[in-house]
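The primary structure of each chain is shown beneath.
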Amino acid sequence: MTASTKQRLAAMDAESTTTLCEEPVTIGQLRITPLHSTIGGRVQGLDLRGPVSDALRDAINTAMDRFAVLVIAGQQLDDAQQFAFATRFGPIEDASSGVKERGNRLSIKEMNDISNLDADGKILAADHRNRMYALGNLLWHSDSSFKRSPAQYSMLHARVVPPEGGETEFADMRAAWDELPAKMKEKVKDLICDHSIITSRKKLGFDEFSAEELKRGAPSPQRLVRRHESSGRISLFLSAHIGSIHGWHVPQALALINDLTEFATQRKFVYQHTWTVHDLVIWDNRCTMHRGRTYDSHVYPRDLRRVTVRGSGSTVDEQL
Ligand code: OGA
Ligand code: MN
């Protein structure tokens, strides 16, 4: 190898080290390693099984305002401990989205069962309604945007993960807003969209809803652009649950929503999380979207459990 080739390789090494291993950030007692240029941080050395001090809660909130997604690895939580941790951040949402019939396999009724398992812990049959229904999570969305008061934090804990696939991706809606052309910002900033769980399920061709479910699935209006109540940052508020824009013809509305979603989920805005058992991942639904990725769900169990902290009201009442 010539001296100049050696030099070039050394320079490339140095470059990749600086881009791959960003400096950890200290917030209170947390040391956080950035996972991406704008979204996601990894926290190590915490044990969330016991009581959470106000100082730790405040540090996590501050870190969430900056990173929007936190990966807290190595948490051997049971349902009660996961739930108790979440309650430190605000009131907890009901797990029911209005269209499930699996019955809750889990001991805590506010806990969302994000698994492919039935009540006996066996893999759900291929044609099971819950399996069809859960496929909606593969579309980019923000949790509970179809409720009057959409979710604040989702806290998803990994109990069993498949050997490959089944990652979760997070897109930074603040960075997407920041990069949106000025003309588009002006066009969308005051729009109100209708969100419904029925809309996202229909997108995958799932269309078997009872009259009662359709009634419970009545849409909620939400702003398309919101300002984060503690960081002050503006973000797009997109979701697969959007079915219309107030005052617009539906095809025109959905064409715009598709364009915005495509823009906002470019790879440069996305952090992909590959799960390890006992990861607790917290994301802020007010300024991110997420989606699950497929895996061999007829072969491998995947058992993730989610507790969701409620948001503070309808976004229609928020100021930009
Ligand atoms: C969720 C969700 C995606 C996944 O728990 O809200 O959308 O990867 N999960 O399981
Ligand atoms: Mn979700």
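Above this note sits the structure.
Residues numbered from 1 in each chain as written. Chains lettered and ligands numbered in written order. Predicted model: local features only at pLDDT ≥ 70, side-chain atom pairs only at ≥ 80, totals over all residues. Heavy atoms only, no water.

Bringing the coordination of the manganese ion (ligand 2) into the picture now. Protein-derived coordination of the manganese ion (ligand 2) comes from His 141 (NE2), Asp 143 (OD) and His 290 (NE2), at a distance range of 2.1 Å. Mapped onto the sequence, the donors of the manganese ion (ligand 2) take the spacing H-x1-D-x146-H. Each member of the pair, His 141 as well as Asp 143, carries the same accessibility label: buried. (Donors = N, O, S within 2.8 Å, 3.2 Å for Na, K, Ca; no water. Buried < 20%, exposed > 50% of the residue type's maximum accessible area, 1.4 Å probe, protein only.)

So, about the environment of Trp 140. Tracing the chain through its elements places Trp 140 in the loop between α4 (129–134) and β6 (151–160). Since its relative accessible area comes to 11%, Trp 140 is described here as buried. C-alpha separation for the pair Trp 140 and Leu 48, spaced 92 residues apart in sequence, amounts to 29 Å. If near-sequence neighbours (up to four positions away) are discounted, Trp 140 is found in contact with Glu 169, Phe 170, Ala 171, Ser 239, Ala 240, Thr 265, Val 270, Met 289, His 290 and Arg 291. (Helix = DSSP H or I, 4+ residues; strand = E, 2+ residues; numbered from the N terminus. Contact = heavy atoms within 4.5 Å.)

Take the nonpolar core next. Residues Leu 30, Ile 60, Leu 70, Phe 85, Met 155 and Ile 282 are the most contacted members of the largest nonpolar core, which totals 31 residues. Looking at this core, the elements with two or more residues in it are β1 (25–27), β2 (30–34), α2 (54–67), β4 (69–72), α3 (79–87), β6, β14 (280–284) and β16 (303–310). Among the elements that take part in this core, α2 stands out by supplying six residues, more than any other. In this view, Leu 70 contacts Ile 32, Gly 41, Val 43, Ile 60, Ala 63, Met 64, Leu 280, Val 281 and Ile 282; residues no more than four positions away in its chain are not counted. Counting 25 residues, the second largest nonpolar core, distinct from the first, contains Met 173, Ala 176, Cys 193 and Leu 256. (Core = buried A, V, L, I, M, F, W, Y, C linked by side-chain atoms within 4.5 Å.)

The final tally for this structure, using the stated rule, is 27 salt bridges. Between Glu 213 and Arg 129 there is a salt bridge, with the nearest N and O atoms lying 3.0 Å from each other. Here Glu 213 is found in helix α8 (residues 211–216), whereas its partner Arg 129 is found in helix α4, with 84 residues between them in sequence. Since its relative accessible area comes to 13%, Arg 129 is described here as buried. (Salt bridge = Lys/Arg side-chain N within 4 Å of Asp/Glu carboxyl O.)

In this section: helix α9 (residues 250–264). The first and last C-alpha atoms of α9 sit 21 Å apart over 15 residues, in line with the 21 Å expected at 1.5 Å per residue. Residues Ala 253, Leu 256, Ile 257, Leu 260, Thr 261 and Ala 264 constitute the buried set of α9. Projection of α9 onto a plane perpendicular to its axis shows the buried side chains occupying an angular sector of 135°, all on one side. Opposite the buried face of α9, by more than 90 degrees, sit the exposed residues Pro 251, Asn 258 and Glu 262. (Expected span 1.5 Å × (residues − 1). Arc of directions from axis to C-beta.)

Once that is clear, we can look at the side chain of Glu 110. Looking at the secondary structure, you find Glu 110 in the loop between α3 and β5 (112–115). If near-sequence neighbours (up to four positions away) are discounted, Glu 110 is found in contact with Phe 83, Ile 92, Glu 93, Ala 95 and Arg 306.

Burial analysis of β6 places nine of its 10 residues in the buried class, which makes it a mostly covered element. The sheet contact formed by β6 and β14 spans five bridges and is antiparallel. What sits directly across from Ser 154, in β14, is Trp 283. (Pairing = 2+ DSSP bridges.)

In short, the description is geometric, and any link to function would need to be established separately.
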